[in-house]
Amino acid sequence: KQEVTQIPAALSVPEGENLVLNCSFTDSAIYNLQWFRQDPGKGLTSLLLIQSSQREQTSGRLNASLDKSSGRSTLYIAASQPGDSATYLCAVGTGANSKLTFGKGITLSVRP
Amino acid sequence: SAVISQKPSRDICQRGTSLTIQCQVDSQVTMMFWYRQQPGQSLTLIATANQGSEATYESGFVIDKFPISRPNLTFSTLTVSNMSPEDSSIYLCSVRREGSGEQYFGPGTRLTVT
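The structure contained in this document is the topic of the report that follows. Starting from 1, residues in each chain are numbered consecutively following that chain's sequence as written. Here the convention is simple: chains get letters from A, ligands get numbers from 1, in the order in which they are written. At least 70 in pLDDT is required for a residue's local features to be given in this predicted model, at least 80 for side-chain atom pairs to be given and counted, and no such filter applies to totals for whole chains, interfaces and linings, which use all residues. Based on all heavy atoms of the structure, the side-chain values leave hydrogens and waters out of the count.

## A short note on the overall build of chain A
Then, number 1: The numbering of helices and of strands both runs from the N terminus, where a helix is a DSSP run of H or I of at least 4 residues and a strand a run of E of at least 2. The helix and strand inventory of chain A stands at 0 helices and 11 strands.
Then, number 2: Counting from the amino terminus, chain A carries its helices and strands in the arrangement β-β-β-β-β-β-β-β-β-β-β.
Then, number 3: Relative to its length of 112 residues, chain A is compact, with a C-alpha radius of gyration of 13 Å against a globular reference of 13 Å.
Then, number 4: Accessible surface area values rest on a Shrake-Rupley calculation with a 1.4 Å probe, where residue burial reflects the displayed protein chains alone. Carbon and sulfur atoms make up 48% of the accessible area of chain A, which amounts to about 5300 Å² in all.
Then, number 5: Here Asp and Glu are counted as negative and Lys and Arg as positive; His is not counted, and neither are the chain ends. Every charge is mapped to an atom, namely NZ of Lys, CZ of Arg, CG of Asp or CD of Glu. A gap of 6 Å separates the mean positions of the 10 positive and 8 negative side-chain charges of chain A. Just to be clear, the radius of gyration here is over C-alpha atoms, and the globule rule we use is 2.2 Å times residues to the power 0.38.

If you want it as structure tokens, here you go:
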């Protein structure tokens, strides 16, 4: 059974700092890995999708990497802004239907 | 991406009643998913709904409690039956893009059971 872990549960940083959010998973036989953002009381916004054959994906100030052999992914946020404050969820897709297993998320607060 | 809407956005319900949540997608999709997010927890998959067939439920979820309909390729409903306070959660609808497998989520329905 796939298990996804995100540590720490919460993070507070000053504006402008570059930061890395970590995600680990137990079963390396994955189909893909997706990072989401969730604002309080809202649904999920897809940030980046990495296929199992890829090592990283970039979108603007965000860069996500994937190391299947070690069961790890990182989300790098460059030059953080207060608007980046949200909960970031890592989800791993496994099996023929690419069923997603979610971590509990990291709640990020960027201080002005 | 896909644009997904859900109704209602939130509701407060009495114990023992049922609520039906609607999910509408702006394009045809093969597979739709229903998730639950309990307070302070991450998302848990309830079931996968394919058009024209019975929904597939995950361990711990049963059809009598969470009946699902999928009448066409753009619409699905999830009913939360005989509700108890433990059913208080956010319920989210999701679809997956063919090919890439990227998933998109609706805004969620915040349910409170008193």
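Right, picking up where we left off after that structure.
## Concerning the pairing of strand β11 (residues 109–113) of chain B
Residues and elements named next belong to chain B.
Then, number 1: Burial classes: relative accessible area under 20% of the type maximum marks a residue as buried, over 50% as exposed, and values in between as partly exposed (1.4 Å probe, protein chains only). Of the two faces of β11, the one lined by Thr109, Leu111 and Val113 is fully buried and the one lined by Arg110 and Thr112 carries no buried residue.
Then, number 2: As paired elements, strand β2 (residues 10–13) and β11 share 4 bridges and run parallel to each other. Bridge pairing in β11 links Cys13 to Val113.
Then, number 3: By definition, two strands form a pair when at least two bridges between them are found by DSSP. Pairing of strand β9 (residues 89–96) with β11 involves 3 bridges; the strand directions are antiparallel. Looking across to β11, one finds that Ser89 is bridged to Leu111.

## A word on the interface of chain A and chain B
Then, number 1: Residue contacts follow a heavy-atom distance rule, with two residues in contact if any of their heavy atoms lie within 4.5 Å. Chain A puts 20 residues into the contact, and the matching count from chain B is 19 residues.
Then, number 2: Together chain A and chain B conceal approximately 1500 Å² of surface at their shared face, both sides included; 49% is due to carbon and sulfur atoms.
Then, number 3: Of all residues in chain A, Leu44(A), Lys99(A) and Phe102(A) bury the most surface against chain B, accounting for 26% of the area lost on that side.
Then, number 4: What counts as a salt bridge is simple: a side-chain nitrogen of Lys or Arg found within 4 Å of a carboxyl oxygen of Asp or Glu. For the pair chain A and chain B, the interface holds 1 salt bridge.
Then, number 5: For Glu58(B), the salt bridge is made with Lys99(A), and the minimal N-O distance between the two is 2.8 Å.
Then, number 6: By the criterion applied in these results, polar contacts are pairs of N or O atoms within 3.5 Å in which, for protein atoms, one can donate a hydrogen and the other can accept it, and in which residues neighboring in sequence qualify only through two side-chain atoms. At the junction of chain A with chain B, the criterion picks out 7 residue pairs in polar contact (both at pLDDT 80 or more).
Then, number 7: Only β4 (32–38), β5 (44–51) and β10 (99–102) of chain A provide two or more residues apiece to the side of chain A that touches chain B.
Then, number 8: Charged residues are taken to be Asp, Glu, Lys and Arg, nonpolar residues to be Ala, Val, Leu, Ile, Met, Phe, Trp, Tyr, Cys and Pro, and polar residues to be all remaining types, Gly included. Class assignment of the residues belonging to the side of chain A that touches chain B gives a composition of 7 nonpolar, 10 polar and 3 charged. Each of two parts loses accessible area, computed with a 1.4 Å probe, when they are put together; buried area is these two losses added.

Remember that the coordinates give geometry; whether it matters functionally is a separate question.
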